[in-house]
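This is what each chain is made of:
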Amino acid sequence: MQRETEKTIMSRHPRKERQPIELVLLSIGIILIMFKSNRILYVRFISELLIYLSAFGCVLYYSIVRAKILDRITLFKGVVIMLLAAIFIYDRVILGEINLLSNICLCITIFTAAVIVQSPLHDKLLVLKNFKLAVVIILSVAMVGWIPFLLGMDMPYYVDNNETYYHHKVYFLFNTFAINNPGDLYRFAGPFLEPGHLGTMCAFLLYIDGYDLRKPSNIILLVSTAMSLSLAAYGLIVGGVIITLYDRRKYMTMYIIAGLFILVGIGATIYLNGDNVLNKAIVSRLEITESGELAGYNRTTTPFEVAYSRYMKTDKIWLGVGKDAFGSSSDSRDNITLGNAGYKRYFYLRGIIGSALLIILLLIYTLKYRSFKSIGFMILYVVANIIRDYPTKEIWMYLFLLTLPILAKVPRGKFNIFSDELVSRRQTGRRLGESAPHI
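Residues numbered from 1 in each chain as written. Predicted model: local features only at pLDDT ≥ 70, side-chain atom pairs only at ≥ 80, totals over all residues. Heavy atoms only, no water.

Across its full length, the chain carries 17 helices and three strands. Residue burial in the chain is summarised as follows: out of 439 residues, 52% are buried. Across the chain, contacts joining residues at least 24 apart in sequence account for 74% of those joining residues at least 6 apart. For the chain, the computed accessible surface area is about 21,300 Å², with 64% contributed by carbon and sulfur atoms. (Helix = DSSP H or I, 4+ residues; strand = E, 2+ residues; numbered from the N terminus. Buried < 20%, exposed > 50% of the residue type's maximum accessible area, 1.4 Å probe, protein only. Contact = heavy atoms within 4.5 Å. Areas by Shrake-Rupley, 256 points an atom, 1.4 Å probe, with all protein chains shown as cover.)

This is the structure:
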């Protein structure tokens, strides 16, 4: 009888409880900055100043209204905030332009990061839940246009050449590369700049929510990842599933799923003699080349490798090449980083000091909020950014700051962080995390 009563409370109460307006505004502010930093289609053409000022207003309102319940500054959180400020400032000075607009956006970025660090665990959880909802919504909207596009329907579009690294055909609900090779044409990028960005975000969110495929939102994330045909995203999904099953001690299931992945790969190489999308986009890229590398690991170009080898022998290794790597040509013809990604580009641009700041932040944050799940997420985060070097962009950094403290509090064997009993404030008479104040 008591268990039935508890289940009734857990199932009904969260639906009745509305999020306070300050938490809604905090979520909106953080999501705006995260989306703008990755140039998501639906905010890509909105003024950067407008986005950041709007976000600042939302986050400032939250910090004023909730000032009394924001966690007090501890030595750990003070160090984290200083490291975040140093990382963002270093990136701006070394890589960006120094002007009034960039300084305003930089200050708002640091302020928002500090508020995330200081916010109570329950508030972090609701922001993360709202962020996941926002991602699912924009992917669902993009699918509405993408599926008819795949079926051959003619759709209006315009060409966007405003990005330094990308040229897109914008179909209003989604975008594709303007210059495609045949394989790229069928890769789903949705509103993201490229399929790999979409796949990586979906892989992170699926891991965070424990791959609970009973939820329609996670089905959308999984289908989006599958349609992205991103080798990196597929690898992150496989790695995340293995970590999750190991945590749940479902070893037999882990072996079965690993076997299924192998069978699918073999089937892709056999079907139509390998002349199929899955084999061309994924399986064939897992082959080992004569140089001993994966065929799909095309992160750097030959000119960049030459420049990198020279760089390793110079004094620039300490601070990085910085914005000089981008060249001075208006058409980016002499930009040595074009067509390159991964840890080498990150180190080439930022050097030992810039890289050390990031490594120290990741280590101390993970050690503070260590658990099997949080360490698993950190591993996925590091692997993703070894492949694609964007860890200091707000969309990825804010996600890291929000996620680790939450995963550290979820009991082992239970991955569903968005479950009713974790989201509800009153299920135990206290907010999530209040049993361990000032974490």
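Comment: phi is negative for the bulk of residues other than glycine, and the bulk of peptide bonds are trans. Backbone geometry at Leu229 places phi at a positive 50°, although glycine is not the residue there. Using a relative accessible area of 9% as the deciding quantity, one classes Leu229 as buried. In this structure, Arg249 takes a positive phi of about 60° despite not being glycine. Considering the arrangement of structural elements, one finds Arg249 in the loop between helix 10 (231–247) and helix 11 (251–270).

This brings us to the sheet that holds strand 1 (residues 158–160). The three strands lie next to each other as 1-2-3, forming an open sheet whose pairing is antiparallel. Both outer strands of the open sheet, strand 1 and strand 3 (175–177), are each paired with one neighbouring strand and no more. On average, each strand axis in the sheet is inclined to that of its neighbour by 30°, with strand direction left out of account. In this structure, strand 2 (residues 168–170) lies alongside strand 3, joined through three bridges in antiparallel fashion. Considered in strand 3, the bridge of Lys169 is made with Thr176. (Pairing = 2+ DSSP bridges. Axes fitted to C-alpha atoms, helices over the stretch in contact; angles between N-to-C directions.)

A word on a nonpolar patch on the surface. A surface patch of nonpolar side chains, amounting to about 1,200 Å² of accessible area, comprises Tyr246, Tyr251, Met252, Tyr255, Ile256, Leu260, Ile262, Leu263, Ile266, Ile270 and Phe372. For the nonpolar patch, the element with the most residues is helix 11, which contributes nine residues. One can find Met252 in helix 11. We classify Met252 as exposed; its relative accessible area is 58%. (Patch = residues over 30% accessible without salt bridge, like charges linked within 9 Å, V, L, I, M, F, W, Y side chains within 5 Å. Salt bridge = Lys/Arg side-chain N within 4 Å of Asp/Glu carboxyl O.)

Per the stated rule, a full pass over the model turns up 10 salt bridges. A salt bridge links Glu22 to Arg66, with the shortest nitrogen-to-oxygen separation between them at 3.0 Å. Of the two residues, Glu22 sits in helix 2 (residues 21–37) while Arg66 sits in the loop between helix 4 (48–65) and helix 5 (75–95), which places them 44 residues apart along the sequence. Linked by salt bridges that have partners in common, Glu22, Arg66 and Asp123 make up one network.

As a further point, take the packing of aromatic side chains. Going through the model one piece at a time under the given rule, you end up with 29 aromatic pairs. Ring geometry for Tyr166 versus Phe177: centroids 6.3 Å apart, planes at 10°, classification stacked. Taken together, the residues span a long stretch of sequence, with Tyr166 in the loop between strand 1 and strand 2 and Phe177 in strand 3 at a distance of 11 residues. One exposure class covers both Tyr166 and Phe177, and it is buried. Aromatic rings pair up to connect Phe76, Phe204, Tyr207, Tyr365, Tyr369, Phe377, Tyr381, Trp396 and Phe400 into one cluster. Sitting over the face of the ring of Phe76, Lys368 holds its NZ or CZ atom 5.6 Å from the ring centroid. (Phe/Tyr/Trp six-rings, centres within 6.5 Å; stacked < 30°, edge-to-face > 60°. Lys NZ or Arg CZ within 6 Å of the ring centre and 35° of its normal.)

Inspection of the secondary structure assignment puts Ser119 in the loop between helix 6 (100–118) and helix 7 (121–150). Separated by 283 residues in the primary sequence, Ser119 and Leu402 place their C-alpha atoms 9.5 Å from one another. Within the structure, the side chain of Ser119 is placed 2.8 Å from the backbone oxygen of Ile116, a separation counted as a polar contact. (Polar contact = N/O pair within 3.5 Å; in protein donor to acceptor, adjacent residues only side chain to side chain.)

We now examine the nonpolar core. Counting residues in hydrophobic clusters, the biggest one holds 108 residues, and the most contacted among them are Phe131, Phe377 and Leu399. Per element, the largest residue contribution to this core is 15 residues, and it comes from helix 7. Setting aside anything within four residues of it in sequence, one finds Phe131 in contact with Ile31, Met34, Phe35, Met201, Leu205, Ile395 and Leu399. (Core = buried A, V, L, I, M, F, W, Y, C linked by side-chain atoms within 4.5 Å.)

On average, residues of the chain carry a pLDDT of 85, and 82% of them reach 70 or more. Every residue in residues 1–14 is under pLDDT 50, and counting partners more than four places away or in other chains gives 10 contacts. Considering only residues more than four positions removed or in separate chains, one finds that residues 424–439, a stretch of pLDDT under 50, has 30 contacts. (pLDDT = per-residue confidence, 0-100.)

In this section: the packing of helix 15 (residues 372–387) against helix 16 (residues 394–407). Between helix 15 and helix 16, whose axes approach to 8 Å, the crossing angle comes to 160°. One finds that helix 15 runs roughly antiparallel with respect to helix 16. Classified by chirality, the crossing of helix 16 by helix 15 is right-handed. Mapping the contact onto sequence places Lys373, Ser374, Phe377, Met378 and Tyr381 in helix 15 and Trp396, Met397, Leu399, Phe400, Thr403, Leu404 and Leu407 in helix 16. A breakdown of the residues in the contact of helix 15 with helix 16 according to their chemical character gives nine nonpolar, two polar and one charged. (Parallel < 35°, antiparallel > 145°, perpendicular 65-115°, else oblique. Left-handed = near helix turned anticlockwise from the far one by under 90°. Nonpolar A, V, L, I, M, F, W, Y, C, P; charged D, E, K, R; others polar.)

The next subject is helix 8 (residues 195–208). Compared with an ideal rise of 1.5 Å per residue, which puts 14 residues at 20 Å, helix 8 spans 20 Å between its outermost C-alpha atoms and is within 8% of the ideal. Across the 14 residues of helix 8, 14 count as buried, placing the element largely inside the fold. Phi turns positive, to about 70°, at Gly210, one or two residues after helix 8. (Expected span 1.5 Å × (residues − 1).)

So, on to the side chain of Thr403. Checked against the element boundaries, Thr403 lands in helix 16. Using a relative accessible area of 1% as the deciding quantity, one classes Thr403 as buried. Discounting chain neighbours no more than four positions away, the residues touching Thr403 are Leu128, Ile208 and Phe377.

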